[in-house]
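Understanding the architecture of this molecule
The primary structure of each chain is shown beneath.
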Amino acid sequence: MDLGVTALDTSSNYFDFRSHQMLARTAGDLLPKFTLSTKVGYFPGPDGAEHSLDPIRLHSAVEQAAKDLGREPDLVFLHNPEHSLREAAPHHHDLLAQACTALDAAAAKGLCAAWGVASWDPAPLLHLIDTTAPRPAALMVRAGLLVGARTLDAADALINAWCPGVGTVWGMTPFGGSTSAPVWDRIDPRVFLRNNSRLSRVQAAFRTAYHLPQVDSVAVGTDEPAHLSELVGALAGEVEMRTVQEYRNLLRARSRGQPD
Ligand SMILES: NC(=O)c1ccc[n+]([C@@H]2O[C@H](COP(=O)([O-])OP(=O)(O)OC[C@H]3O[C@@H](n4cnc5c(N)ncnc54)[C@H](OP(=O)(O)O)[C@@H]3O)[C@@H](O)[C@H]2O)c1
């Protein structure tokens, strides 16, 4: 809050399925001051986490989230629906529509203010969208320089098909989960900035993530307040869109015929 951050994103399965309780216990008094989003779709199972799009389980998970957090979340994402849909053919079309209807009903009942879809791999969802089923108010997709051409194109197509111009689009994992991966030593993301001298490499990578694909917000993970401050400072940077376009063309050319 001191840094001007106003949104917190979590998930029912983070922290060994205890993230909601931990948040409420650690910062319950502050939670009303943040916009709070979470995700449902993973459930505790015999071998760890299991994925499910069962409408009854999803509805209960939203109910449980509000109870454990001590307040209704502002946004609940259906977490990686593609995970279950891969195994569900040929009924996956109906399954996705039923899951969307369940989250829409939870929002209508006041268990959350709005609902969305978070997808790690949006490509399989593209042909499953039922335009007669409720539409998500927000989408969350991977963003940043480490996202491959196929996923970027699929994310753009999903945004256009599901909530063109009306929904909020979130990016996630702008560093692909780690800033110490060897790839970050080999590139200088400041080439994507208009005035590239003022920001650090990490700041430039974060700022550029807002345009790969085009998103309104980016969910980033950090345990270090100084890192968060650095990322907030990055928002002042300006990205050169021609360079982003050129980069996407290069990614497409390189990945032609290869998976991400
Ligand atoms: N749908 C899904 O399946 C899925 C999966 C994973 C993540 N997500 C979403 O994406 C969000 C972020 O993902 P993530 O945390 O896995 O990956 P990430 O944000 O790409 O990377 C997190 C890493 O970046 C480091 N970092 C952040 N700021 C830094 C800075 N200024 N300088 C140096 N290092 C910095 C953090 O280290 P420090 O802690 O040291 O700062 C942390 O190790 C999650 O909260 C979630 O919303 C979704």
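Our structure's up above, just so we're on the same page.
These numbers were taken from a predicted model, which means no experiment stands behind them. (Residues numbered from 1 in each chain as written. Predicted model: local features only at pLDDT ≥ 70, side-chain atom pairs only at ≥ 80, totals over all residues. Heavy atoms only, no water.)

1. Comments concerning the overall build of the chain
As a reminder of what qualifies: Each helix corresponds to a stretch of at least 4 residues labelled H or I by DSSP, and each strand to a stretch of at least 2 residues labelled E; elements are numbered beginning at the N terminus. As defined in this context, the radius of gyration uses C-alpha atoms, and a globule is described by 2.2 Å times the residue total to the power 0.38. Only protein chains enter the calculation, and the probe is 1.4 Å; a residue is then buried if its accessible area is under 20% of its type maximum, exposed if over 50%, and partly exposed in between. Only the protein chains shown count as cover for residues, with accessible areas throughout obtained via the Shrake-Rupley method and a probe of 1.4 Å. In this tally, Lys and Arg are treated as positive and Asp and Glu as negative; His is ignored, and so are the chain termini. Every charge is mapped to an atom, namely NZ of Lys, CZ of Arg, CG of Asp or CD of Glu.
Looking only at helices and strands, one finds 10 helices and nine strands in the chain. Rg of the C-alpha trace for the chain: 19 Å, near the compact-globule value of 18 Å for 260 residues, within the 12% margin. The 260 residues of the chain split such that 45% are buried. Total accessible area on the chain stands at roughly 13200 Å², and carbon and sulfur atoms take up 52% of it. In the chain, 23 positive and 29 negative side-chain charges are present, and the distance between their average locations comes to 5 Å.

2. Some details on the packing of aromatic side chains
The description of two aromatic rings rests on the distance between their centres and on the angle between their planes. As a reminder of what qualifies: Pairing of aromatic rings covers Phe, Tyr and Trp, the last counted by its six-membered ring, and requires centre-to-centre distances within 6.5 Å; plane angles under 30 degrees mean stacked, over 60 mean edge-to-face, and any other angle means tilted.
Counting across every chain of the model gives five aromatic pairs. Considering the side-chain rings of Phe77 and Trp170, the 5.5 Å spacing of their centres and the 80° angle between planes classify their relative orientation as edge-to-face. Of this pair, Phe77 sits in strand β5 (residues 75-79) while Trp170 sits in strand β8 (residues 168-172), and the two are 93 residues apart along the sequence. As far as burial versus exposure is concerned, Phe77 and Trp170 are alike and both buried. On the basis of an interplanar angle of 35° and a centroid distance of 6.4 Å, the ring pair of Phe175 and Phe206 is categorised as tilted.

3. What about the sheet that holds strand β2 (residues 35-40)?
What counts here: One requirement defines pairing of two strands: DSSP has to find at least two bridges between them. For helices, the fitted axis covers only the stretch in contact; all axes are lines through C-alpha atoms, and the angles between them, taken along N-to-C directions, range from 0 to 180 degrees.
Ordered by their spatial adjacency, seven strands build an open sheet running β1-β2-β5-β6-β7-β8-β9, and the pairing between neighbours is parallel. Single-partner strands in this sheet number two, and they are β1 (7-9) and β9 (217-219). Between one strand axis and the next, the sheet turns through 25° on average, direction left out of account. Alignment of strand β7 (residues 138-142) against β8, held across five bridges, turns out to be parallel. Across the sheet, Ala138 pairs through a bridge with Thr168, a residue of β8.

4. Focus on helix α10 (residues 241-255)
Along an α-helix, a turn takes 3.6 residues, which lines up residues three or four apart on a common side. To be explicit about the condition: For a helix, the expected span equals 1.5 Å multiplied by the residue count minus one. Read the arc as the range of directions from the helix axis to the C-beta atoms. The contact definition used throughout considers only heavy atoms, calling two residues in contact when any of these lie within 4.5 Å.
With 15 residues, α10 should reach 21 Å at 1.5 Å per residue; the first-to-last C-alpha distance of 21 Å fits that figure. Inspection of α10 places Val244, Arg248, Leu251 and Ser255 among the buried residues, and these make up the whole buried set. Axial view of α10: buried residues confined to an arc of 60°, hence all on one face. Those residues of α10 that are exposed and angled more than 90 degrees off the buried face are Arg242, Glu246, Leu250 and Arg254. Where the residues of α10 are buried, they touch α6 (149-162) and α8 (201-209).

5. As for the environment of Asn195
Looking at the element boundaries, Asn195 is found in the loop between α7 (183-186) and α8. Taking relative accessible area as the criterion, Asn195 reaches 40% and is therefore assigned partly exposed.

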